[in-house]
Amino acid sequence: MWFTENPWPVVVICLIVTAIFAARAIQTGLGRNWLLAGLGVLLAVGTYLAEQSIVTPAEEVERRVHEAIAYCIEGNVNSVLGMISEGQPGMKAVAAAGLAMADIHEDMRITDLNVRMTAEDSRAISHFRANGTISAGGISMTGHATTRWEVTWQQENGEWRIVDITRLHPINGEPMEILRASET
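The model shown is predicted, which means the values in this text are computed figures rather than measured ones. Every residue gets a number counted from 1 within its own chain, in the order that chain's sequence is written. Owing to the predicted nature of the model, reporting of local features is limited to residues with pLDDT of at least 70; listing and counting of side-chain atom pairs is limited to 80 or more, with chain, interface and lining totals taken over all residues. The side-chain values count all of the structure's non-hydrogen atoms but skip hydrogen atoms and water molecules.

Peer 1: Mind showing me how you'd approach the packing of aromatic side chains here?
Peer 2: Aromatic ring pairs: the centre-centre distance and the angle between the two ring planes describe each pair. Centres within 6.5 Å make a pair out of two Phe, Tyr or Trp rings, where for Trp the six-membered ring is used; the pair is then stacked when the planes are under 30 degrees apart, edge-to-face when over 60, and tilted otherwise. In this structure the tally under the stated criterion is one aromatic pair. Their ring planes at 40° and their centres at 5.5 Å tell us that Trp-8 and Tyr-48 sit as a pair that is tilted. Note that Trp-8 is positioned in helix α1 (residues 8-28) and Tyr-48 in helix α2 (residues 31-53), a separation of 40 residues in sequence. What counts as a helix is a DSSP run of H or I of at least four residues, what counts as a strand is a run of E of at least two, and both are numbered from the N terminus.

Peer 1: Help me understand the environment of Arg-64 in this model?
Peer 2: Note on placement: Arg-64 falls in helix α3 (residues 57-74). Burial classification: accessible surface area is computed with a 1.4 Å probe over protein chains only, and a residue below 20% of its type maximum counts as buried, one above 50% as exposed, and the rest as partly exposed. Judged by relative accessible area, Arg-64 falls into the buried class, the value being 4%. Distance from Arg-64 to Trp-153, taken between C-alpha atoms, is 9.5 Å for residues 89 residues apart in sequence. By definition in these notes, contact holds between two residues if any of their heavy atoms fall within 4.5 Å. If we skip the residues at most four places from it in the chain, Arg-64 touches Met-83, Trp-153, Glu-159 and Trp-160.

Peer 1: Explain the pattern of salt bridges to me, please; I cannot follow it from the model alone.
Peer 2: Side chains bearing opposite charge may pair, as long as their charged atoms lie close to each other. Definition used for salt bridges: Asp or Glu carboxyl oxygen within 4 Å of a side-chain nitrogen of Lys or Arg. All told, the structure shown has seven salt bridges when counted by the stated rule. Of the charged contacts in the structure, one is a salt bridge between Arg-129 and Asp-112, with a shortest N-O distance of 3.0 Å. You can see Arg-129 sitting in strand β3 (residues 123-136) and its partner Asp-112 sitting in strand β2 (residues 109-118), a full 17 residues away along the chain. When its relative accessible area of 21% is taken as the criterion, Arg-129 is described as partly exposed. Between Arg-161 and Glu-159 there is a salt bridge whose closest N-O contact spans 2.9 Å. Bridged by salt links that share partners, the residues Glu-60, Arg-63, Arg-64, Glu-67, Glu-159 and Arg-161 form one connected network.

Here is the structure:
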């Protein structure tokens, strides 16, 4: 994990040090304290900018999860299928069937997203909840869906691709059929 994956502790410490030196500078009028206060601000800003410019593998997988959901909302089946590994034709068929059965509405949102890296950062397991409105195409039924997923990603030709999808019960976390209607 990159030390600035969460820059806020370092930024807050820098700003506290800045406040201390700024207070001393106001009391004593010494230029050295103003210089140290300015340096604290520069360190805080530099830490934040460094964190924004460095993308860790876990952050890339998080981006891919959001991208997959956006494709599902758009109904872009080809892009969703393109995110699944070529070695998983059965998974592609299930994904295509699921997207043909349901329309995912714009209010779908991702919560509780976390990514665990494995296999020397060449595999990742994302765990998240997706909640929002879904319409079942053939029966004109619309309702709120609460879902929970575990998606395994693998680096293939420099790109993160889905190699396994497990739908979990939203409350107890037990695996369930991907295309089964939720009881909650």
